[in-house]
Amino acid sequence: MLRNYLIIAWRNLLRNKLRAAIHILGLAIGIAACFVIYNMLSYEYGFNRDVPGYDKIFRITTVTSHGEDRWPNVGVPFPMGDAVKDEVGGVESLARIFDNANAMVGLAERPTAFGRQRHVVYTEDKYFDIFPAKWLGGNPEKALNRPNTVVLTQSSVNKYFGEISVQEALGKELIYNDSISVQVTGIIEDIKENNDLIYTDYISLSTLTSSTSARKFINAENWDNVNSASQLYVQLSHPQQLSSYETSLDQIIDKYLNNEEGWSTEFFIEPLSDLHFTVNPNHTANKFTLMGLSIMAVFILMIACMNFINLETAQAIVRAKEIGIRKTLGSSRFQLMLQFFSETLVIALLALMLALLLTEFSVHYFAEMIPADMEINYLSTGNILFLLGLVVLVTLLSAIYPALMLTGYNPVKAIKNQLKDIHQNRWGYFVRKNLTVLQFTLSIGFIIGVLVISHQLKYLANESMGFNKELVLYADTPFLDESGRNDQLKESLERLSFVKSVSLSGDILASRSLFTTTIERHKGEEIEELGIQAKNGDSLFVDTYEVPLLVGKRIENDSTEILINETFMKDLGYDFPADAIGEQLVLYGERNVEVVGVVKDFNSRSLYEQIRPLVIFYEPEYFTKINVKLQANTNLQEAKSLLDKEMKELYPEEDSGFRFFDELVANFYQSEQKLQEVLSFATVLAILISGMGLFGLSAFTIAQRTKEISIRKVLGASASQILVLISREYMVLILIAFVLAVVPTWLLLEEWLKQFAYRTPMPISLYLLAGFLAFLLCVVIVGLHSLRTINRNPSEVLKSE
Amino acid sequence: MIKLSNIDKYVDSKFQRVFILKGIDLEIEQGEFVTLMGPSGAGKSTLLNIIGLLDDDYVGDYEFEGEMVNKMKEKQRHALHKKEFGNIFQAYHLIDELTVYENIETPLLYRSVSSSERKSIVAELLDRFNMVAKKDLFPAQLSGGQQQLVGIARAIAGKPRVLLADEPTGNLHSNQAKQIMEVFAELNREGTTIIQATHAEENAAYGNRLLEIVDGKIEEDKILIK
Ligand SMILES: Nc1ncnc2c1ncn2[C@@H]1O[C@H](COP(=O)(O)OP(=O)(O)OP(=O)(O)O)[C@@H](O)[C@H]1O
Ligand SMILES: [Mg+2]
């Protein structure tokens, strides 16, 4: 029986190649899209799953808020670790870490350095209780329990010491950041890549807490500082009762934090499963984007299924005769439906094969759209089940309606071709129209989305951020450098003719990192605390980036002087910049500083965010960046290589060199650009599939009207009159689709635009453009078919009818 | 075997009820070869469809072997149709996508006949109608007469006791028509009950009973003596 069904299915495919091509290609694209996205989802959601006790591990994070502003931070104030240890019950293990991305590593005995290592962290031995590692050497209990020790992964060992045995490596010395000397006390296997915490070098945290200068740097006693590097991981004994832990955290807030008027701090308990989706230096996935991608993939598959339903029901009259005959031969309705399902299954299986090819193709050609480490294992159980499930689902979705409709025919009428006037067929016509409308609604929605997102990105690119990003290069310099080489480098660069100004700073002017703290204003006995964003820079910092100084003077490389921005000036209660000059404040609760100048507001983060109150202060010990502004008309690549050369001479161990600031700024919108690319791609697919569907549907319906068209021609209708007559029906459908598409896309895009502090007003003209494009597409497709029919000789048509 | 009592079939249009069949009383015994004749539009096809269980939209009683067909559930009726009836059409109605062999095989598939048995039945039928050489051709590659032979082979493959033929020779030349009628006569001799509708006087001669249908009524019912 099945063989008979399959034979019929196969011959039907061969007989109507256009139908077969549309079905197979459309479904293949839909299946491939779903398959790739499914793999992306399982990749992104599969992170950290291998950690034993996955469900019990959490990170404590901080949100500081002031009025409407919320400043989330993945870190906690450093003293939080001890506080949680002492005051929160039901914590099985607790580990503090202090992330030191881009640490400089060197050998103790020789002046060899290995350049900057991305995954260096300071932590304590409890860390390995929470995130167990496979120990190759050393004592897990003791390796990190005293200052100046380090646990290395196997690959770090090999990188620093070559191929030596574990026993030889233990006890070796290394120098971190040119100043911290440590001894290797443990060696572990490399951390697997599907983890978010993939550190390679673990220095004992007590190395930092036992040094006065380091304590100051990490703000070891300060509750007002939140640094994203200072994180806290806990393993809880009752992870189901998070609210009781939250209560304990609230008590810590009450006990240790004295929040000023209007300010509040909250701690959150973030499950390990969320870690991958929150700000993380290694790799961040965006749940919103992933959801968007899934929806797109499902939509594309749905459009393909709708094509199937449309074309099959349109061709019902052709199939009806066969169905009628089979009924008189004794087939039951169930058997007929089974036949139809197996036919659809054949198509879906062919589509599946093509989809696998398409997947392979898209993984290669659209590599930048998918995570770099992701690999698709076609034979994994998950993938096989997913694909088979998808094929079955697609078959059922596509075939159920045509099957019910076709097999419901009365056999006598079906055989006699009397179906045109029966009720069921009018229903089919109705469904078909609605599906076409729905397809075009989705396509128009996609087009609008792409146009509006591109528009916003263009808007962001043109929006002034308040500084000049051109002709600026920056590079990393060693952390806590006491050799004075920073100043030497600055001087040597200043001597270069093409250099306009050079500045040393703690961070570049605009970056993804954020350092927030509070500053005090003393009014007699009363102390007012104000939240600020802080940047550390020398006197030429604002000049190098051409941030306009509204009033006052630059910092004269004096740690008692600060610059503030307009926003902070307003927070201080001044309307005019000149009034803020001379304002006395206290930084870190100990250093008296004076406002010597007010700079114009600029965006130190992406345009997602409002400008925060900002203080620029001078703290040369913590300079880690060198910023260079070039003269106009300098050849950029040449300048970069000359700068790199100077740098190499002073810091032979540094290998990253200078980078262009404008490229960094452009990178702020990487995820939006990616979204735009993916959406454009999805739009092309959606249009392609709906276009194919319309092509097939109109081919069929127009072929059915051949006789009518010929008669009208004989009666004297012109080609254009007939064209209007035929396409009018489709135009109405497009118009309805447009109206239906506008409202949801409007709401969605409004929501998306809301994320940006700087956003374009909703561009209505682009909506109209999208509608017009869909209209044009429809005219072209329907017009092509109509013209072919119109151009046929009527006498020939009417004779053969 | 078949007993129709007071069968009416009508369609309701806006102003009036139009009867297609009116007050049909008819009994057909097993082994009969009945011919329906009458002007176009008289209701022959309609009657055949009712007898063949392809149309259940009528009033009146229909007994088949003592069972009330009009009281049966859809499922029972379908089973009865499958077991007892074979249909032959004026336009042959072969499945275009299937070969001669496969067309004949199809009703057997619906009757869950085992593969080996199917093979022998189809081979026997092909042999009987001299179609062995043509078994892999598609309907479009056959002449009308050959197509109708396939149609008959297909109709009798399931070994039905009643064969219903609606103008089986309507599209054929007289030679071909004669051949088909001889096949019918032979089948009838072997015990199959045959009911055919036709316009051709000479076809009626192969049967043993002739019904004249006019305007939805049986005008005349005569036994033919050969
Ligand atoms: N679905 C229907 N609705 C209305 N009238 C119908 C319908 N089906 C058939 N009729 C009418 O019923 C009458 C009988 O039709 P039927 O096909 O049974 O005639 P026939 O005797 O087989 O004619 P022919 O010799 O031309 O095949 C005709 O007048 C036809 O118009
Ligand atoms: Mg008829």
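Since the model is a prediction, treat every value here as computed from it, not as a measurement.

**Brief notes about the overall build of chain B**
A count of helical and extended segments in chain B gives seven helices and 10 strands. Here the C-alpha radius of gyration of chain B, 18 Å, is about what a compact globule of 226 residues would show, namely 17 Å. Principal-axis analysis of the C-alpha atoms gives chain B an extent of 55 × 40 × 35 Å. Considering chain B as a whole, with its 226 residues, one finds that 53% of them fall into the buried category. For chain B, the proportion of contacts with a sequence separation of at least 24, taken over those separated by at least 6, is 69%. Of the side chains in chain B, 27 bear a positive and 35 a negative charge, and the two mean positions are spaced by 4 Å.

**Points about the packing of aromatic side chains**
All names here are of chain A. A full pass over the atoms with the stated rule returns 27 aromatic pairs over all chains. Here the aromatic rings of Tyr199 and Tyr202 are separated by 6.1 Å at their centres, their planes lie at 80°, and the arrangement is edge-to-face. A single burial state applies to Tyr199 and to Tyr202, both of which are buried. Seen from their ring centres, Trp223 and Tyr256 are 4.7 Å apart, and the 10° between their planes marks the pair as stacked. Placement of Trp223 in the loop between α8 (212–217) and β12 (230–236) and of Tyr256 in helix α9 (residues 242–256) is noted, with a sequence separation of 33 residues between them.

**Here we look at the domain arrangement of chain A**
Residues and elements named next belong to chain A. Domain parsing of chain A yields domain 1 (1–47 + 285–420), domain 2 (54–277) and domain 3 (478–650). Using only C-alpha atoms to locate each centre, domain 1 and domain 2 end up separated by 50 Å. Facing the nine residues of domain 1 at the interface are eight residues of domain 2. Roughly 770 Å² is buried in total at the junction of domain 1 and domain 2, and carbon and sulfur atoms are behind 54% of that figure. Viewed at the interface, domain 2 and domain 1 are joined by zero salt bridges. In this assembly, domain 1 and domain 2 are joined by one residue pair in polar contact (both at pLDDT 80 or more).

**Some remarks on the packing of helix α1 (residues 2–15) of chain A against helix α2 (residues 17–45) of chain A**
Residue and element names in this part refer to chain A. In contact at an axis separation of 5 Å, α1 and α2 are set at 105° when each is read in the N-to-C sense. In this view, α1 runs roughly perpendicular relative to α2, as classed from their interaxial angle. Between α1 and α2, the contacting residues are Asn12, Leu13, Leu14 and Arg15 on the first element and Lys17, Arg19 and Ala20 on the second. Residues that form the contact of α1 with α2 fall into these classes: three nonpolar, one polar and three charged.

**Describing the environment of A:Ser230**
All names here are of chain A. Tracing the chain through its elements places Ser230 in strand β12. Ser230 gets classed as buried once you look at its relative accessible area, which sits at 4%. Residues Ser230 and Val76 lie 154 residues apart in sequence; the distance between their C-alpha atoms is 6.0 Å. Those residues within four positions of Ser230 in sequence are excluded, and the remaining contacts are Gly75, Val76, Pro77, Phe78, Ile97 and Phe98.

**Things to note about the side chain of A:Gln235**
Residues and elements named next belong to chain A. Position of Gln235 among the secondary structure elements: in strand β12. The buried category is assigned to Gln235, whose relative accessible area is 12%. Contacts of Gln235, omitting those with residues within four sequence positions, involve Lys56, Ile57, Gly90, Val91, Glu92, Ser93, Asp129 and Ile130.

**Some details on the site of ligand 1**
Residue and element names in this part refer to chain B. Taken together, Val11, Ile20, Pro39, Ser40, Gly41, Ala42, Gly43, Lys44, Ser45, Thr46, Glu167 and His199 make up all the residues around ligand 1. At 2.8 Å, a backbone N or O of Gly41 approaches an oxygen atom of ligand 1. Between ligand 1 and Lys44 there is a distance of 2.8 Å, counted from an oxygen atom to a side-chain nitrogen or oxygen. Within the complex, the protein chains bury 61% of what would otherwise be the 640 Å² of accessible surface of ligand 1. No other element matches helix α1 (residues 44–51), which puts three residues into the shell around ligand 1. By residue class, the composition of the shell around ligand 1 is four nonpolar, six polar and two charged.

**Some words on the UniProt feature "domain: ABC transporter" (unreviewed entry) in chain B**
Here the UniProt feature "domain: ABC transporter" (unreviewed entry) sits at residues 2–225 of chain B. Across residues 2–225 of chain B, helical content stands at 35% and strand content at 28%; the span's end C-alpha atoms are separated by 22 Å.

**Comments concerning the UniProt feature "transmembrane region" (unreviewed entry) in chain A**
Residues and elements named next belong to chain A. In the numbering used here, UniProt assigns the feature "transmembrane region" (unreviewed entry) to residues 20–41, 288–309, 336–358, 378–404, 435–454, 678–703, 730–749 and 764–784. The span residues 378–404 carries 89% helix and 0% strand; its end-to-end C-alpha distance comes to 34 Å. Between the end C-alpha atoms of residues 730–749 there is a gap of 28 Å, over a span that is 100% helix and 0% strand.

**Some remarks on the pattern of salt bridges**
Evaluation of the coordinates by the stated rule reveals 42 salt bridges over all chains. With a closest N to O distance of 3.4 Å, B:Asp136 and B:Lys135 form a salt bridge. Taken together, the shared-partner salt bridges in this structure form one network comprising A:Asp82, A:Lys85, A:Arg96 and A:Glu124.

**Some points on the pairing of strand β20 (residues 584–587) of chain A**
Residue and element names in this part refer to chain A. As paired elements, strand β16 (residues 516–523) and β20 share two bridges and run antiparallel to each other. Looking at the pairing, Glu520 lines up with Val586 of β20. Direction of pairing for β20 relative to strand β21 (residues 591–599): antiparallel, over a ladder of four bridges. Its bridge partner lying in β21, Leu585 is registered against Val593.

Parameters and conventions
- Residues numbered from 1 in each chain as written.
- Chains lettered and ligands numbered in written order.
- Predicted model: local features only at pLDDT ≥ 70, side-chain atom pairs only at ≥ 80, totals over all residues.
- Heavy atoms only, no water.
- Helix = DSSP H or I, 4+ residues; strand = E, 2+ residues; numbered from the N terminus.
- Rg over C-alpha atoms; globule rule 2.2 N^0.38 Å.
- Buried < 20%, exposed > 50% of the residue type's maximum accessible area, 1.4 Å probe, protein only.
- Contact = heavy atoms within 4.5 Å.
- Lys, Arg positive; Asp, Glu negative; His and termini not counted.
- Charge placed at Lys NZ, Arg CZ, Asp CG, Glu CD.
- Phe/Tyr/Trp six-rings, centres within 6.5 Å; stacked < 30°, edge-to-face > 60°.
- Domains from an automatic or database assignment.
- Buried area = accessible area lost by both parts, 1.4 Å probe.
- Salt bridge = Lys/Arg side-chain N within 4 Å of Asp/Glu carboxyl O.
- Polar contact = N/O pair within 3.5 Å; in protein donor to acceptor, adjacent residues only side chain to side chain.
- Axes fitted to C-alpha atoms, helices over the stretch in contact; angles between N-to-C directions.
- Parallel < 35°, antiparallel > 145°, perpendicular 65-115°, else oblique.
- Nonpolar A, V, L, I, M, F, W, Y, C, P; charged D, E, K, R; others polar.
- Near = heavy atom within 4 Å.
- Areas by Shrake-Rupley, 256 points an atom, 1.4 Å probe, with all protein chains shown as cover.
- UniProt positions renumbered as here; feature names shortened; annotations may be inferred.
- Pairing = 2+ DSSP bridges.

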